[in-house]
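Okay, here's what each chain looks like letter by letter:
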Amino acid sequence: MPSVTAKRKCPNLIFVKPRFDVYKAVSLQIRTIFAAYTPIVEPLSLDEAYLDVTENLKGVASATQIAEEIRAKIRAETGLTASAGISYNKFLAKLASDYRKPDGLFVITPKMGPAFVENLPVERFHGVGPATTAKMNRLGIRTGIDLREQTLAFLQQHFGKPGPYYYWIARGIDERSVRADRIRKSLGAENTFPTDIFTFEAACEALLPIIEKVWRIREGAEIHGRTVTLKVKYADFQQITRSRTGQSLFSTRAESSSLATHCSNHCSLSQKASDFSASPCRRSVRSSWNASPNWACHFRLTY
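Small disclaimer: the values here were computed from a predicted structure and weren't measured. (Residues numbered from 1 in each chain as written. Predicted model: local features only at pLDDT ≥ 70, side-chain atom pairs only at ≥ 80, totals over all residues. Heavy atoms only, no water.)

A. Quick peek at the side chain of Arg 71. Looking at the element boundaries, Arg 71 is found in helix α3 (residues 63-78). A polar side-chain atom of Arg 71 sits 2.7 Å from the main-chain carbonyl oxygen of Ala 82. (Helix = DSSP H or I, 4+ residues; strand = E, 2+ residues; numbered from the N terminus. Polar contact = N/O pair within 3.5 Å; in protein donor to acceptor, adjacent residues only side chain to side chain.)

Below, the structure written as structure tokens:
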């Protein structure tokens with residue numbers, strides 16, 4: 001539930017101010033624990049990461065044992081709990097980590113994979129958001145087994161590029177590797193406003209500090225972008241996006257702001273504007289399958 005909705009429902013609610021400097025420090029401490037087992041660590045956020053432990057620095061044959069040792073070290077050194085999912089690919093490892101959170105461990109073996117997926121609601125699938133869930137439901141696709149019954153051509157027709165990804169994960173197949181050198185594909189910032197915004201002018205004014213925040217992140221990362229995407233979320237949680245691609249990589253704040261304004265002019269802005277991001281490239285999905293599984297662990301921390 002968004003904090004603004006929680007505040008409306010419970011006016012006396014007390015919010016605890018976040019301590020992001022502490023979160024970052026602890027996250028780095030935990031990544032040091034990961035690094036003692038494998039150099040192949042793909043962070044997703046401050047509190048999530050994938051590890052490839054197929055070939056690990058400790059020479060431990062069991063991925064489950066490695067996960068248990070890491071969870072124990074995290075608790076001993078930080079006092080935090082961590083859930084871990086172990087499986088033969090990233091998709092299933094993430095599902096497994098959700099299965100017994102916030103302080104559990106679950107393993108999905110190759111024999112279990114297809115059957116585990118078939119009874120799950122599609123909204124539980126990583127990469128299937130609310131809008132895609134609604135579209136799948138309209139097409140009669142509600143569970144993994146419903147998704148598995150669709151042809152590759154059907155999924156490509158209705159979902160475009162992600163179609164092959166949905167086709168294969170419905171079969172428990174995901175060949176994406178854990179990438180320690182994963183290139184960051186976007187920079188973003190967002191804001192949930194205490195009061196709804198109803199006019200275009202107010203939305204544009206509220207967009208400016210979000211643009212400034214993204215630009216500061218961009219300067220710190222020393223990267224450039226070509227496409228600006230504006231995401232607007234309404235009070236009923238419906239969401240629309242508009243994007244604009246420049247003729248070349250934009251290198252000034254004014255250029256990115258101009259592209260964002262262009263996006264704004266093509267949005268029916270009202271109630272709540274929430275996200276601005278610069279996306280230099282888009283995610284691609286591979287649909288092939290390697291019969292020799294690598295063992296991936298997905299960790300989710302509990303603060």
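B. Structural context of helix α6 (residues 130-138). Regarding α6, the residues found buried are Thr 132, Thr 133 and Met 136. Looking straight down α6, one finds its buried side chains confined to an arc of 105 degrees; they lie on one side. Along α6, exposed side chains directed more than 90 degrees from the buried face belong to Pro 130, Ala 131 and Arg 138. Among the structural elements, α7 (144-148), α8 (152-159) and α9 (163-169) are those in contact with the buried residues of α6. Backbone geometry just after α6 places Gly 140 at a positive phi near 85 degrees. (Buried < 20%, exposed > 50% of the residue type's maximum accessible area, 1.4 Å probe, protein only. Arc of directions from axis to C-beta. Contact = heavy atoms within 4.5 Å.)

C. Spatial organisation of the packing of aromatic side chains. For the structure on display, the rule yields 8 aromatic pairs. Measuring from centroid to centroid gives 5.6 Å for Phe 159 and Tyr 166, while their planes differ by 90 degrees, and the two rings are edge-to-face. With respect to class, Phe 159 is no different from Tyr 166; both count as buried. A cation over an aromatic ring shows up here: Lys 135 above the ring of Phe 159, its NZ or CZ 5.1 Å from the ring centre. Its end group placed over the ring of Tyr 167, Arg 171 keeps NZ or CZ at 3.7 Å from the ring centre. (Phe/Tyr/Trp six-rings, centres within 6.5 Å; stacked < 30°, edge-to-face > 60°. Lys NZ or Arg CZ within 6 Å of the ring centre and 35° of its normal.)

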